[in-house]
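# Fold and geometry: a report
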Amino acid sequence: MEESKPTQTITLAAIGDIHVRETEQGKWEDFFRQVSRKADVLLICGDLTDTGHHAEAEVLARDLQACSIPVVAVLGNHDYERDQQKQIRKILEALHVHVLDGETVFIKGVGFAGTKGFGGGFDKHSLAMFGETAMKSFVQEAVDETLKLDRALSHLEKEHPQSPKVVVLHYSPTKATITGEPEQIYPFLGSSRLAEPINNRNVTAAFHGHAHIGTLEATTSKGVKVFNVSHAVLERSKYPLPFYLLEIPIAPGALAAA
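In this text, all values refer to a predicted model and were calculated from it rather than measured experimentally.

By size, the foremost hydrophobic cluster in this structure holds 55 residues, and its most contacted members are Leu12, Phe32, Leu42, Leu43, Val72, Phe112 and Phe207. Ignoring sequence-local partners within four residues, the contact set of Phe32 consists of Leu42, Leu60, Asp63, Leu64, Ala66 and Cys67. Grouped together as the second largest cluster of nonpolar side chains are 16 residues, Ala152, Tyr171, Val203 and Val224 included.

Below you can see the structure in the form of structure tokens.
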């Protein structure tokens, strides 16, 4: 009987909502050195900057030079505040950070699909595309973000069918990981529409931030693990590290394709 080949693993580190400010040069250097020793890939789930100013991204970029592992990121609502998101992305991509907005990247046997996401509410309390134009536009944004995520995951399925898929978001795809926040603001913290492609595309795990008083870990209705890795949530949950670690098994065939 032929022995099966041992499955290898990749260690992901994840954090969101670091809210870097112009006055914080050097604050995150030790963080990036530490995460480089503990993980193979770092995920940053939005709100990289505090007010969306490109100068804050430049501060972050200088600290990121201490990071020696690949970085995958999505932007968050704070990064859009001053309409400088394109500049922020350009600054980070100059350091080879993979900033995803409906795109994918394949690293060390794992496919990553990322987008910001948007609000809209959850399950039977989701907002409908009905009424005023402003309301329809709000819901359409969530639909568009969901479609971007679905297309990205579809691409990974075709290009890397044997590989695990990981989703990186800013807004939450499930109510369970925002539990703890005031219920009145749930529609602004995420949308269960985002869970549809996660459930339907055989995703291994999804990470998000945004809900600072949320819950660290939950699952979608179909059992996909979802992690709220907001910096504030990690601190409140007394997680032993300043970033969340998840080990993912990699099939030998996936590594061969890497």
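Resuming the write-up.
Here the focus is helix α3 (residues 85-93). Taken as a whole, α3 has its buried residues at Gln85, Ile88, Ile91 and Leu92. Axial view of α3: buried residues confined to an arc of 125°, hence all on one face. In α3, the exposed positions angled more than 90 degrees off the buried face are occupied by Lys86 and Lys90. Its buried side turned inward, α3 meets α2 (54-64) and β4 (98-99).

On the basis of which strands lie adjacent, the open sheet formed by 6 strands has the order β5-β6-β7-β8-β10-β9 and mixed pairing. Of all strands in the sheet, those with a lone pairing partner are β5 (103-107) and β9 (217-219), marking the two edges. Taken over all neighbouring pairs, the strand axes of this sheet differ in orientation by 20° on average, direction set aside. Bridge analysis of strand β6 (residues 110-114) against strand β7 (residues 165-168) gives 4 bridges, and the strand direction is parallel. Directly across from Phe112, in β7, lies its bridge partner Val166. Contacting β5, β6 and β7, helix α4 (residues 133-159) crosses the sheet at an angle of about 165° to β6.

By the bridge criterion, 5 bridges tie β5 to β6 in an arrangement that is antiparallel. If you follow Thr104 over to β6, its bridge partner there is Ala113. Linkage of β5 to β6, two consecutive antiparallel strands, is achieved through a turn of 2 residues, within which Lys108 is found at a positive phi near 50°.

Let's shift gears to the pattern of salt bridges. Applying the stated criterion across every chain, the model contains 10 salt bridges. Notably, a salt bridge pairs Arg33 with Asp30, separated by 3.1 Å at the nearest N-O pair. Here Asp30 and Arg33 lie together in helix α1 (residues 29-38), a separation of 3 residues that amounts to about one turn. The class of Arg33 is partly exposed, set by a relative accessible area of 39%. Under the relative-accessibility criterion, Asp30 is labelled exposed at 56%. Linking Arg89 and Glu93 is a salt bridge whose minimum nitrogen-to-oxygen distance equals 2.7 Å. With Arg89 and Glu93 both in helix α3 and 4 residues apart, this pair spans about one turn of that helix. Classification of Arg89 by relative accessible area gives partly exposed; the value is 22%. Taken together, the salt bridges that share partners define one network made up of Glu29, Asp30 and Arg33.

Calculation notes
- Residues numbered from 1 in each chain as written.
- Predicted model: local features only at pLDDT ≥ 70, side-chain atom pairs only at ≥ 80, totals over all residues.
- Heavy atoms only, no water.
- Core = buried A, V, L, I, M, F, W, Y, C linked by side-chain atoms within 4.5 Å.
- Buried < 20%, exposed > 50% of the residue type's maximum accessible area, 1.4 Å probe, protein only.
- Contact = heavy atoms within 4.5 Å.
- Helix = DSSP H or I, 4+ residues; strand = E, 2+ residues; numbered from the N terminus.
- Arc of directions from axis to C-beta.
- Pairing = 2+ DSSP bridges.
- Axes fitted to C-alpha atoms, helices over the stretch in contact; angles between N-to-C directions.
- Salt bridge = Lys/Arg side-chain N within 4 Å of Asp/Glu carboxyl O.

Geometric values such as these leave the question of function open.
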